[in-house]
Amino acid sequence: MNKSHDKPYTAANLKLANLEYLIQNGQPTFGVFSQVKNINYLDYHSHLISQKSLPNWRKELKANQFCFIQILHPPYRVCLALATIKLATSAFVYIYNEDTQQLEVCEALQPLTHHTHLDGDGYQGQMAFTHTKLSVTLDFSPAQMTIALDSQYVAITAALARSAQPLAICTPTGKRGWTFTQKEPLTALSGHLLIKTKSKFHTDAPDAQPQKTTFTDATIANLDWTLGYMRHETNWFWSCITSYLSDGRRFLLNLSMGVNETGASENACWLDGQIFYLPPVMFAREGSNIRSSQPDSLEPSVESVESVESDASATKPWRIYHQNLGWSNVDIDLSFTPITVYKKTDNFGVIASIFEQWIGFYSGEIRIRDEVIRLDNVMGLAEDHFAKW
(Lines give C-alpha, C1' and ligand atoms only; values in the text may rest on other atoms or scores of the structure.)
Protein backbone atom coordinates (compact mmCIF):
# COMPACT_ATOMS: atom_id res chain seq x y z
CA MET A 1 0.00 0.00 0.00
CA ASN A 2 1.20 3.49 -0.83
CA LYS A 3 1.24 5.23 2.53
CA SER A 4 1.14 8.65 0.88
CA HIS A 5 -2.53 8.01 0.16
CA ASP A 6 -3.20 7.89 3.91
CA LYS A 7 -2.32 11.57 4.26
CA PRO A 8 -5.18 14.05 4.47
CA TYR A 9 -5.54 16.62 1.72
CA THR A 10 -3.93 19.56 3.48
CA ALA A 11 -1.87 22.46 2.21
CA ALA A 12 1.25 21.08 3.91
CA ASN A 13 1.52 17.82 1.96
CA LEU A 14 -0.05 18.88 -1.36
CA LYS A 15 2.71 21.44 -2.01
CA LEU A 16 0.47 23.85 -3.91
CA ALA A 17 2.00 26.64 -5.95
CA ASN A 18 2.54 30.11 -4.48
CA LEU A 19 2.00 32.57 -7.33
CA GLU A 20 3.47 36.04 -7.55
CA TYR A 21 1.05 37.01 -10.36
CA LEU A 22 -2.24 35.39 -11.37
CA ILE A 23 -2.00 36.59 -14.99
CA GLN A 24 1.07 35.22 -16.75
CA ASN A 25 1.81 35.72 -20.46
CA GLY A 26 -1.55 37.45 -20.77
CA GLN A 27 -3.63 34.56 -19.41
CA PRO A 28 -4.87 33.49 -15.96
CA THR A 29 -3.30 30.50 -14.25
CA PHE A 30 -6.05 28.03 -13.40
CA GLY A 31 -6.10 25.82 -10.32
CA VAL A 32 -5.95 25.84 -6.53
CA PHE A 33 -2.99 27.64 -4.95
CA SER A 34 -1.49 28.17 -1.53
CA GLN A 35 -1.41 31.92 -2.20
CA VAL A 36 -1.67 34.46 -5.04
CA LYS A 37 -0.01 37.78 -4.30
CA ASN A 38 -1.14 39.89 -7.27
CA ILE A 39 -4.50 39.65 -9.04
CA ASN A 40 -3.12 41.59 -12.00
CA TYR A 41 -6.30 41.30 -14.05
CA LEU A 42 -5.51 44.32 -16.24
CA ASP A 43 -2.61 42.32 -17.71
CA TYR A 44 -5.15 39.83 -19.05
CA HIS A 45 -5.09 39.49 -22.84
CA SER A 46 -8.81 39.75 -23.29
CA HIS A 47 -9.58 37.62 -26.33
CA LEU A 48 -11.91 35.54 -24.15
CA ILE A 49 -13.98 38.65 -23.36
CA SER A 50 -13.92 39.94 -26.92
CA GLN A 51 -12.53 38.79 -30.24
CA LYS A 52 -10.32 41.86 -30.30
CA SER A 53 -7.96 43.39 -27.81
CA LEU A 54 -9.59 45.65 -25.24
CA PRO A 55 -8.18 48.74 -23.52
CA ASN A 56 -7.68 48.59 -19.76
CA TRP A 57 -10.75 50.71 -19.01
CA ARG A 58 -12.94 48.12 -20.79
CA LYS A 59 -11.34 45.26 -18.88
CA GLU A 60 -11.81 47.16 -15.63
CA LEU A 61 -15.45 47.89 -16.46
CA LYS A 62 -16.25 44.24 -17.13
CA ALA A 63 -14.62 42.87 -13.97
CA ASN A 64 -16.94 42.15 -11.05
CA GLN A 65 -15.46 42.41 -7.58
CA PHE A 66 -16.88 41.76 -4.14
CA CYS A 67 -15.81 41.16 -0.57
CA PHE A 68 -17.76 39.58 2.29
CA ILE A 69 -16.72 39.41 5.95
CA GLN A 70 -18.45 37.70 8.86
CA ILE A 71 -17.53 38.45 12.48
CA LEU A 72 -18.71 36.28 15.37
CA HIS A 73 -18.62 37.68 18.89
CA PRO A 74 -21.55 36.10 20.81
CA PRO A 75 -24.29 37.00 21.08
CA TYR A 76 -23.63 39.14 18.00
CA ARG A 77 -23.00 37.94 14.47
CA VAL A 78 -22.07 40.76 12.08
CA CYS A 79 -21.95 40.34 8.30
CA LEU A 80 -20.81 43.03 5.89
CA ALA A 81 -20.13 43.20 2.17
CA LEU A 82 -18.98 45.55 -0.55
CA ALA A 83 -19.65 44.62 -4.18
CA THR A 84 -19.31 46.32 -7.54
CA ILE A 85 -20.29 45.34 -11.06
CA LYS A 86 -19.14 48.81 -12.19
CA LEU A 87 -22.65 49.73 -13.41
CA ALA A 88 -23.65 49.79 -9.73
CA THR A 89 -21.90 49.45 -6.39
CA SER A 90 -23.58 48.28 -3.19
CA ALA A 91 -22.73 47.65 0.43
CA PHE A 92 -24.56 46.19 3.39
CA VAL A 93 -24.07 45.39 7.03
CA TYR A 94 -26.40 43.40 9.22
CA ILE A 95 -26.20 42.37 12.83
CA TYR A 96 -27.93 39.36 14.35
CA ASN A 97 -28.43 38.78 18.07
CA GLU A 98 -28.36 35.04 18.70
CA ASP A 99 -30.04 35.45 22.10
CA THR A 100 -33.04 37.51 20.95
CA GLN A 101 -33.08 36.28 17.29
CA GLN A 102 -33.37 39.87 16.06
CA LEU A 103 -31.89 41.01 12.76
CA GLU A 104 -31.09 44.60 11.79
CA VAL A 105 -29.93 45.65 8.32
CA CYS A 106 -28.37 48.77 6.82
CA GLU A 107 -27.67 48.88 3.08
CA ALA A 108 -26.75 51.37 0.37
CA LEU A 109 -26.58 51.39 -3.43
CA GLN A 110 -24.89 53.87 -5.75
CA PRO A 111 -24.66 54.10 -9.55
CA LEU A 112 -21.42 53.12 -11.27
CA THR A 113 -18.52 53.45 -8.82
CA HIS A 114 -19.51 56.83 -7.37
CA HIS A 115 -17.80 57.46 -4.02
CA THR A 116 -16.05 54.10 -4.36
CA HIS A 117 -12.32 53.47 -4.27
CA LEU A 118 -10.78 50.19 -5.46
CA ASP A 119 -7.04 49.75 -5.34
CA GLY A 120 -4.94 46.59 -5.48
CA ASP A 121 -6.56 43.34 -4.44
CA GLY A 122 -7.42 41.13 -1.48
CA TYR A 123 -3.75 40.40 -0.77
CA GLN A 124 -2.63 44.01 -0.61
CA GLY A 125 -4.99 46.85 -1.43
CA GLN A 126 -8.06 48.81 -0.38
CA MET A 127 -11.81 48.84 -1.01
CA ALA A 128 -13.78 51.89 0.17
CA PHE A 129 -17.41 52.98 -0.19
CA THR A 130 -18.97 56.20 1.11
CA HIS A 131 -22.73 56.83 1.42
CA THR A 132 -24.86 58.87 3.80
CA LYS A 133 -26.31 55.68 5.30
CA LEU A 134 -23.26 53.44 5.21
CA SER A 135 -19.53 53.90 4.76
CA VAL A 136 -16.94 51.15 4.82
CA THR A 137 -13.19 50.97 4.23
CA LEU A 138 -11.36 47.64 3.96
CA ASP A 139 -7.55 47.66 3.97
CA PHE A 140 -5.68 44.49 3.05
CA SER A 141 -2.08 43.58 3.78
CA PRO A 142 -0.37 40.16 3.81
CA ALA A 143 -0.51 39.84 7.61
CA GLN A 144 -3.82 41.46 8.47
CA MET A 145 -6.84 43.36 7.25
CA THR A 146 -8.59 46.28 8.89
CA ILE A 147 -12.23 47.35 8.85
CA ALA A 148 -13.61 50.84 9.43
CA LEU A 149 -17.40 50.88 9.09
CA ASP A 150 -19.98 53.46 10.06
CA SER A 151 -23.73 53.12 9.56
CA GLN A 152 -27.04 54.34 10.95
CA TYR A 153 -27.16 51.59 13.56
CA VAL A 154 -23.66 50.25 14.16
CA ALA A 155 -20.01 51.16 13.78
CA ILE A 156 -17.12 48.70 13.55
CA THR A 157 -13.40 49.14 13.92
CA ALA A 158 -11.33 45.98 13.66
CA ALA A 159 -7.88 44.62 12.91
CA LEU A 160 -8.03 40.96 11.88
CA ALA A 161 -5.10 38.56 11.57
CA ARG A 162 -5.02 36.65 8.30
CA SER A 163 -4.65 32.93 7.74
CA ALA A 164 -1.40 31.18 6.88
CA GLN A 165 -3.46 28.70 4.83
CA PRO A 166 -6.08 30.48 2.70
CA LEU A 167 -8.04 28.86 -0.11
CA ALA A 168 -7.10 30.55 -3.40
CA ILE A 169 -8.62 29.27 -6.63
CA CYS A 170 -9.00 30.46 -10.23
CA THR A 171 -11.20 28.68 -12.77
CA PRO A 172 -12.66 29.34 -16.22
CA THR A 173 -16.17 30.76 -16.18
CA GLY A 174 -18.38 30.05 -19.17
CA LYS A 175 -16.80 30.55 -22.61
CA ARG A 176 -15.29 33.99 -22.16
CA GLY A 177 -14.38 34.48 -18.54
CA TRP A 178 -12.61 33.39 -15.39
CA THR A 179 -13.11 33.88 -11.66
CA PHE A 180 -10.62 34.13 -8.81
CA THR A 181 -11.75 33.76 -5.22
CA GLN A 182 -9.97 33.60 -1.88
CA LYS A 183 -11.53 32.37 1.37
CA GLU A 184 -9.86 32.29 4.75
CA PRO A 185 -10.42 32.36 8.51
CA LEU A 186 -9.57 35.53 10.43
CA THR A 187 -8.83 36.21 14.09
CA ALA A 188 -9.44 39.51 15.86
CA LEU A 189 -6.36 41.39 16.97
CA SER A 190 -8.20 44.47 18.22
CA GLY A 191 -11.34 46.48 17.64
CA HIS A 192 -14.90 46.93 18.77
CA LEU A 193 -18.56 46.91 17.77
CA LEU A 194 -20.49 50.07 18.63
CA ILE A 195 -24.28 49.77 18.76
CA LYS A 196 -25.81 53.21 18.31
CA THR A 197 -28.85 54.61 20.05
CA LYS A 198 -30.97 54.26 16.88
CA SER A 199 -30.43 50.50 16.81
CA LYS A 200 -33.18 48.10 17.88
CA PHE A 201 -30.53 46.33 20.00
CA HIS A 202 -29.91 49.42 22.06
CA THR A 203 -31.30 49.84 25.56
CA ASP A 204 -34.35 52.07 25.95
CA ALA A 205 -32.96 53.95 28.94
CA PRO A 206 -33.44 57.74 28.40
CA ASP A 207 -29.82 58.59 29.24
CA ALA A 208 -28.34 55.61 27.39
CA GLN A 209 -25.06 55.94 25.51
CA PRO A 210 -23.90 53.87 22.52
CA GLN A 211 -23.05 50.33 23.62
CA LYS A 212 -19.47 49.25 22.97
CA THR A 213 -18.42 45.61 22.70
CA THR A 214 -14.66 45.05 22.54
CA PHE A 215 -13.35 42.26 20.35
CA THR A 216 -11.01 39.71 21.95
CA ASP A 217 -8.76 36.90 20.70
CA ALA A 218 -11.83 34.65 20.98
CA THR A 219 -13.61 36.77 18.33
CA ILE A 220 -13.47 34.90 15.03
CA ALA A 221 -14.21 35.95 11.48
CA ASN A 222 -13.90 34.87 7.87
CA LEU A 223 -13.14 36.55 4.55
CA ASP A 224 -14.53 35.90 1.06
CA TRP A 225 -12.86 38.01 -1.67
CA THR A 226 -13.70 37.50 -5.35
CA LEU A 227 -12.85 39.12 -8.68
CA GLY A 228 -13.65 37.88 -12.15
CA TYR A 229 -15.36 37.96 -15.52
CA MET A 230 -18.49 35.97 -14.74
CA ARG A 231 -21.37 34.72 -16.82
CA HIS A 232 -23.98 37.33 -17.79
CA GLU A 233 -26.44 35.24 -15.75
CA THR A 234 -24.96 33.62 -12.68
CA ASN A 235 -26.56 31.49 -9.99
CA TRP A 236 -24.90 29.99 -6.96
CA PHE A 237 -25.53 28.38 -3.61
CA TRP A 238 -23.10 28.97 -0.77
CA SER A 239 -22.70 27.55 2.71
CA CYS A 240 -20.54 29.07 5.44
CA ILE A 241 -19.98 28.20 9.09
CA THR A 242 -17.57 29.98 11.40
CA SER A 243 -17.82 28.62 14.91
CA TYR A 244 -16.19 26.67 17.70
CA LEU A 245 -16.77 22.91 17.83
CA SER A 246 -17.86 21.18 21.03
CA ASP A 247 -14.24 20.10 21.66
CA GLY A 248 -13.09 23.74 21.54
CA ARG A 249 -11.49 23.72 18.11
CA ARG A 250 -12.16 26.65 15.81
CA PHE A 251 -14.05 25.57 12.69
CA LEU A 252 -14.64 27.28 9.35
CA LEU A 253 -16.55 25.65 6.48
CA ASN A 254 -16.94 26.95 2.93
CA LEU A 255 -19.10 25.04 0.42
CA SER A 256 -20.55 26.23 -2.88
CA MET A 257 -22.31 25.06 -6.01
CA GLY A 258 -22.69 26.92 -9.29
CA VAL A 259 -19.53 29.04 -9.49
CA ASN A 260 -16.74 26.67 -10.56
CA GLU A 261 -17.55 24.71 -13.70
CA THR A 262 -14.42 22.66 -14.36
CA GLY A 263 -14.25 20.07 -11.59
CA ALA A 264 -12.07 22.33 -9.45
CA SER A 265 -13.68 23.01 -6.09
CA GLU A 266 -13.60 26.02 -3.79
CA ASN A 267 -14.86 23.80 -0.99
CA ALA A 268 -12.75 23.52 2.15
CA CYS A 269 -12.86 23.51 5.92
CA TRP A 270 -10.40 24.71 8.50
CA LEU A 271 -9.72 23.15 11.92
CA ASP A 272 -7.75 25.50 14.16
CA GLY A 273 -6.46 27.22 11.02
CA GLN A 274 -5.39 24.07 9.13
CA ILE A 275 -7.09 23.75 5.75
CA PHE A 276 -8.66 20.54 4.44
CA TYR A 277 -9.74 20.55 0.78
CA LEU A 278 -13.20 19.12 0.08
CA PRO A 279 -14.84 17.78 -3.11
CA PRO A 280 -17.81 19.29 -4.98
CA VAL A 281 -21.20 19.16 -3.24
CA MET A 282 -24.86 19.32 -4.20
CA PHE A 283 -27.39 21.72 -2.68
CA ALA A 284 -31.02 20.63 -2.51
CA ARG A 285 -33.51 23.38 -1.73
CA GLU A 286 -37.17 22.85 -2.49
CA GLY A 287 -38.60 25.36 -4.97
CA SER A 288 -35.40 27.35 -5.53
CA ASN A 289 -35.17 26.46 -9.23
CA ILE A 290 -38.60 27.99 -9.91
CA ARG A 291 -37.75 31.33 -8.36
CA SER A 292 -34.32 31.62 -9.96
CA SER A 293 -35.57 30.77 -13.45
CA GLN A 294 -37.97 33.73 -13.62
CA PRO A 295 -35.82 36.88 -13.35
CA ASP A 296 -38.07 38.86 -15.69
CA SER A 297 -40.80 38.90 -13.05
CA LEU A 298 -38.64 40.58 -10.42
CA GLU A 299 -39.77 43.71 -8.69
CA PRO A 300 -37.36 45.79 -6.60
CA SER A 301 -38.00 45.01 -2.96
CA VAL A 302 -36.51 44.17 0.40
CA GLU A 303 -38.57 41.58 2.26
CA SER A 304 -39.07 42.03 5.96
CA VAL A 305 -37.85 39.35 8.31
CA GLU A 306 -41.37 38.81 9.61
CA SER A 307 -42.95 38.13 6.20
CA VAL A 308 -40.29 35.55 5.31
CA GLU A 309 -40.53 33.78 8.65
CA SER A 310 -44.30 33.40 8.20
CA ASP A 311 -43.75 31.51 4.92
CA ALA A 312 -43.47 27.85 5.91
CA SER A 313 -42.09 26.81 2.51
CA ALA A 314 -39.21 29.30 2.80
CA THR A 315 -37.95 27.79 6.04
CA LYS A 316 -37.90 24.14 4.96
CA PRO A 317 -34.53 22.48 5.56
CA TRP A 318 -31.90 22.43 2.83
CA ARG A 319 -29.58 19.50 2.22
CA ILE A 320 -25.91 19.90 1.31
CA TYR A 321 -24.21 16.63 0.46
CA HIS A 322 -21.43 14.92 -1.45
CA GLN A 323 -22.09 11.84 -3.56
CA ASN A 324 -19.08 9.61 -2.96
CA LEU A 325 -18.35 7.62 -6.14
CA GLY A 326 -15.34 5.85 -4.70
CA TRP A 327 -12.56 8.30 -5.55
CA SER A 328 -12.86 10.46 -2.45
CA ASN A 329 -11.95 9.86 1.18
CA VAL A 330 -14.48 12.50 2.21
CA ASP A 331 -18.18 12.22 2.99
CA ILE A 332 -20.39 15.28 3.51
CA ASP A 333 -24.04 15.17 4.53
CA LEU A 334 -25.49 18.25 6.17
CA SER A 335 -28.92 19.73 6.71
CA PHE A 336 -29.53 23.44 7.10
CA THR A 337 -32.65 24.74 8.84
CA PRO A 338 -33.22 28.46 8.05
CA ILE A 339 -34.51 30.77 10.75
CA THR A 340 -34.18 34.30 9.33
CA VAL A 341 -32.95 36.01 6.17
CA TYR A 342 -31.49 39.13 4.66
CA LYS A 343 -33.11 39.24 1.24
CA LYS A 344 -32.88 41.86 -1.48
CA THR A 345 -34.47 41.75 -4.95
CA ASP A 346 -33.58 44.26 -7.67
CA ASN A 347 -34.45 44.53 -11.35
CA PHE A 348 -33.00 47.29 -13.48
CA GLY A 349 -33.39 45.58 -16.85
CA VAL A 350 -29.76 45.10 -17.86
CA ILE A 351 -28.84 44.05 -14.33
CA ALA A 352 -30.96 42.13 -11.82
CA SER A 353 -30.47 40.21 -8.62
CA ILE A 354 -32.27 37.89 -6.22
CA PHE A 355 -30.08 37.73 -3.14
CA GLU A 356 -30.97 35.61 -0.12
CA GLN A 357 -28.55 35.13 2.76
CA TRP A 358 -30.07 32.95 5.45
CA ILE A 359 -29.04 32.43 9.07
CA GLY A 360 -29.88 29.01 10.46
CA PHE A 361 -28.67 25.80 12.04
CA TYR A 362 -26.50 23.06 10.54
CA SER A 363 -26.59 19.43 11.58
CA GLY A 364 -24.88 16.40 10.12
CA GLU A 365 -21.39 15.05 9.54
CA ILE A 366 -18.25 15.69 7.53
CA ARG A 367 -15.84 12.74 7.39
CA ILE A 368 -12.28 13.36 6.28
CA ARG A 369 -10.62 9.93 6.36
CA ASP A 370 -10.76 8.90 10.03
CA GLU A 371 -11.75 12.36 11.30
CA VAL A 372 -15.49 12.86 11.77
CA ILE A 373 -16.73 16.40 12.36
CA ARG A 374 -20.21 16.23 13.86
CA LEU A 375 -22.43 19.29 13.77
CA ASP A 376 -25.48 19.51 16.02
CA ASN A 377 -27.48 22.72 15.55
CA VAL A 378 -24.40 24.81 14.78
CA MET A 379 -25.34 28.28 13.54
CA GLY A 380 -24.15 29.36 10.11
CA LEU A 381 -25.07 31.01 6.82
CA ALA A 382 -26.56 29.70 3.57
CA GLU A 383 -26.95 31.75 0.42
CA ASP A 384 -29.07 31.44 -2.72
CA HIS A 385 -28.14 34.10 -5.29
CA PHE A 386 -29.23 34.78 -8.85
CA ALA A 387 -27.55 37.65 -10.68
CA LYS A 388 -27.79 39.16 -14.14
CA TRP A 389 -24.89 41.54 -14.69
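The shown structure was predicted, so the numbers you read here are calculated from the model rather than taken from an experiment.

Our next topic: the overall build of the protein chain. On a plain count of helices and strands, the protein chain comes out with 4 helices and 27 strands. Expressed as a percentage of its 389 residues, the buried residues of the protein chain come to 52%. Pairs at least 24 residues apart make up 57% of the contacts formed inside the protein chain by residues separated by at least 6 positions. As displayed, the protein chain has an accessible area near 17,200 Å², and 50% of this comes from carbon and sulfur atoms.

So, about the state of the cysteines. This model, assessed by the stated rule, comprises 0 disulfides. Between Cys79, a cysteine without a disulfide, and Cys240, which holds the nearest cysteine sulfur, the sulfur-to-sulfur distance is 8.0 Å. Residue Cys79 is classed as buried on the basis of its relative accessible area of 0%.

Before going further, it helps to spend a moment on the pattern of salt bridges. Throughout the structure, instances matching the rule amount to 17 salt bridges. Glu107 is the salt-bridge partner of Lys344, the closest N and O atoms lying 3.9 Å from each other. With Lys344 in strand E25 (residues 330–347) and Glu107 in strand E9 (residues 102–111), this pair connects stretches of sequence that are 237 residues apart. With relative accessibility at 18%, the residue Glu107 sits in the buried group. Taking the shortest distance from any N to any O, the salt bridge between Asp333 and Arg319 comes out at 3.1 Å. Here Asp333, found in strand E25, pairs with Arg319, found in strand E24 (residues 318–321); they are 14 residues apart in sequence, far enough to count as distant. Owing to a relative accessible area of 40%, Asp333 belongs among the partly exposed residues under this scheme. Judged by relative accessible area, which is 39%, Arg319 ranks as partly exposed.

Structurally, Glu266 can be placed in the loop between strand E20 (250–257) and strand E21 (268–271). Here the side chain of Glu266 touches Ser256 through a polar contact of 3.2 Å, side chain to side chain. In this view, Glu266 contacts Leu167, Ile169, Thr181, Lys183, Asn254, Ser256, Val259 and Asn260; residues no more than four positions away in its chain are not counted.

The strand order across the open sheet formed by 9 strands is E22-E21-E20-E19-E27-E26-E25-E24-E23, and the pairing between neighbours is antiparallel. Edge positions in the sheet fall to strand E22 (274–277) and strand E23 (282–284), since each of these pairs with one other strand and no more. Looking at each pair of strands side by side, their axes are set apart by 20° on average, direction ignored. As judged from the 3 bridges shared by E23 and E24, these two strands associate in the antiparallel manner. Following the sheet pairing, Ala284 is matched in E24 by Arg319.

Structurally, Gly31 is set in strand E4 (residues 31–33). For the pair Gly31 and Glu266, spaced 235 residues apart in the sequence, the C-alpha separation amounts to 9.9 Å. Discounting chain neighbours no more than four positions away, the residues touching Gly31 are Ala168, Ile169 and Cys170.

Chain-level pLDDT for the protein chain is 88 on average; 88% of the residues reach the 70-or-more range. Confidence drops under pLDDT 50 across residues 1–5; counting only partners more than four residues distant or on other chains, this segment forms 2 contacts. Within the model, the stretch residues 289–310 combines pLDDT values under 50 with 38 contacts to residues more than four positions away or in other chains.

Here we come to the side chain of Thr226. Mapping Thr226 onto the fold places it in strand E18 (residues 220–228). In this structure the side chain of Thr226 is engaged in a polar contact, spanning 2.8 Å, whose partner is the side chain of Thr181. Reaching out from Thr226, the side chain makes a polar contact with the side chain of Asp224 at a distance of 3.3 Å. Look past the residues within four positions of Thr226 in its chain and what remains in contact with it is Asn64, Gln65, Phe66, Thr179, Phe180, Thr181 and Lys183.

This part is about the nonpolar core. Ranked by internal contacts, the top residues of the largest apolar core, which has 49 residues, are Ile69, Leu138, Ile147, Ile156 and Trp178. Excluding residues within four positions of it along the chain, Ile156 makes contact with Ile71, Val78, Leu80, Val93, Ile147, Ala148, Leu149, His192, Leu193 and Phe215. With 29 residues, the next largest nonpolar core counts Phe66, Ile85, Leu103 and Tyr277 among its residues.

Time to look at the layout of surface pockets. Space inside the largest pocket adds up to approximately 790 Å³. Looking at the largest pocket, it is lined by 43 residues, and the ones nearest its centre are Ala83, Ser90, Phe355, His385 and Trp389. Of the residues belonging to the lining of the largest pocket, the class tally is 23 nonpolar, 12 polar and 8 charged.

Here is what the cut-offs are and how they apply
Residues numbered from 1 in each chain as written. Predicted model: local features only at pLDDT ≥ 70, side-chain atom pairs only at ≥ 80, totals over all residues. Heavy atoms only, no water. Helix = DSSP H or I, 4+ residues; strand = E, 2+ residues; numbered from the N terminus. Buried < 20%, exposed > 50% of the residue type's maximum accessible area, 1.4 Å probe, protein only. Contact = heavy atoms within 4.5 Å. Areas by Shrake-Rupley, 256 points an atom, 1.4 Å probe, with all protein chains shown as cover. Disulfide = S-S within 2.5 Å. Salt bridge = Lys/Arg side-chain N within 4 Å of Asp/Glu carboxyl O. Polar contact = N/O pair within 3.5 Å; in protein donor to acceptor, adjacent residues only side chain to side chain. Pairing = 2+ DSSP bridges. Axes fitted to C-alpha atoms, helices over the stretch in contact; angles between N-to-C directions. pLDDT = per-residue confidence, 0-100. Core = buried A, V, L, I, M, F, W, Y, C linked by side-chain atoms within 4.5 Å. 1 Å grid on protein atoms, 1.4 Å probe; cavity = no way out; pocket = protein on both sides within 12 Å on 5 of 7 lines; lining within 4 Å. Points joined across faces, edges and corners; volume = space filled by probe spheres on them. Nonpolar A, V, L, I, M, F, W, Y, C, P; charged D, E, K, R; others polar.

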